[in-house]
Amino acid sequence: IISMRFFLLRLLLNAFAVLAVAYLVPGVSVRSFGVAVLAALVLGIVNALVRPVLLILSLPINLLTLGLFTLVINALMFWLASSFVSGFFVQNFRAAFLGALVFWIVSWLASGLLPEER
């Protein structure tokens, strides 16, 4: 079971990742830090509930592309999350694709700073 402190720390790191995406990727904007926290939470929920279903449904094309289609699914999840959060805006698929890629890189680097969960 995930401790509440670890969950909140990951949520805040992902919120900073959303802010980094808004700063680095044209076409992605976030109105405030509170919106970034909400966007990070929605991204987590969407990735936990919708992404596995899409990965299973797209398994044949994912095999044909040697897993690269997963990047498209990640972009779609990023774009979908923006439709649920007012103040978090993704302009088009290109912005969603680059945003998902930058979000993954920043959150991966930030998670390396976290201590191991007990």
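Check the entry above for the structure.
Residues numbered from 1 in each chain as written. Predicted model: local features only at pLDDT ≥ 70, side-chain atom pairs only at ≥ 80, totals over all residues. Heavy atoms only, no water.

Moving on: the overall build of the protein. Helix and strand content of the protein: 6 helices and 2 strands. Mapped from its N terminus to its C terminus, the protein presents α and β elements in the order α-β-α-α-α-α-β-α. Taken over the C-alpha trace, the protein has a radius of gyration of 14 Å; the compact-globule value for 118 residues is 13 Å, and the two agree within 12%. Considered along the principal axes of its C-alpha atoms, the protein spans approximately 40 × 35 × 25 Å. The buried share of the protein, taken over its 118 residues, is 33%. In the protein, 62% of the contacts between residues at least 6 apart in sequence involve partners at least 24 apart. Accessible surface for the protein amounts to roughly 7500 Å². Of this, 73% is attributable to carbon and sulfur atoms. (Helix = DSSP H or I, 4+ residues; strand = E, 2+ residues; numbered from the N terminus. Rg over C-alpha atoms; globule rule 2.2 N^0.38 Å. Buried < 20%, exposed > 50% of the residue type's maximum accessible area, 1.4 Å probe, protein only. Contact = heavy atoms within 4.5 Å. Areas by Shrake-Rupley, 256 points an atom, 1.4 Å probe, with all protein chains shown as cover.)

Let us now look at the environment of Ser-82. Examined against the element boundaries, Ser-82 turns out to sit in helix H5 (residues 69-84). Since its relative accessible area comes to 10%, Ser-82 is described here as buried. With sequence-adjacent residues up to four places away left out, Ser-82 is seen in contact with Phe-88 and Val-90. There is a polar contact of 2.6 Å between the side chain of Ser-82 and the backbone oxygen of Trp-79. (Polar contact = N/O pair within 3.5 Å; in protein donor to acceptor, adjacent residues only side chain to side chain.)

Turning our attention to the packing of helix H1 (residues 4-24) against helix H2 (residues 33-49). The interhelical angle for the contact between H1 and H2, taken along N-to-C directions, is 110°, at an axis separation of 8 Å. Classified by the angle their axes make, H1 and H2 are roughly perpendicular. At the point where H1 passes H2, the crossing takes the right-handed sense. Of H2, the residues touching H1 (which contributes Phe-7, Leu-11, Leu-12, Asn-14, Ala-15, Phe-16, Val-18 and Leu-19) are Phe-33, Ala-36, Val-37, Ala-39, Ala-40, Leu-41 and Leu-43. For the contact of H1 with H2, a count of residues per class yields 14 nonpolar, 1 polar and no charged. (Axes fitted to C-alpha atoms, helices over the stretch in contact; angles between N-to-C directions. Parallel < 35°, antiparallel > 145°, perpendicular 65-115°, else oblique. Left-handed = near helix turned anticlockwise from the far one by under 90°. Nonpolar A, V, L, I, M, F, W, Y, C, P; charged D, E, K, R; others polar.)

Turning to the nonpolar core, a few remarks are in order. For soluble globular proteins, the rule of thumb is that nonpolar side chains tend to be buried together. By size, the foremost hydrophobic cluster in this structure holds 28 residues, and its most contacted members are Val-18, Val-21, Val-28, Phe-78, Phe-88, Val-90 and Phe-103. Sorting the residues of this core by element identifies H1, strand E1 (28-30), H2, H5, strand E2 (88-90) and helix H6 (93-111) as the ones contributing at least two each. Filtering out sequence-adjacent residues up to four positions away, Phe-88 remains in contact with Val-18, Val-28, Ser-29, Val-30, Val-35, Ala-39, Phe-78, Ala-81 and Ser-82. (Core = buried A, V, L, I, M, F, W, Y, C linked by side-chain atoms within 4.5 Å.)

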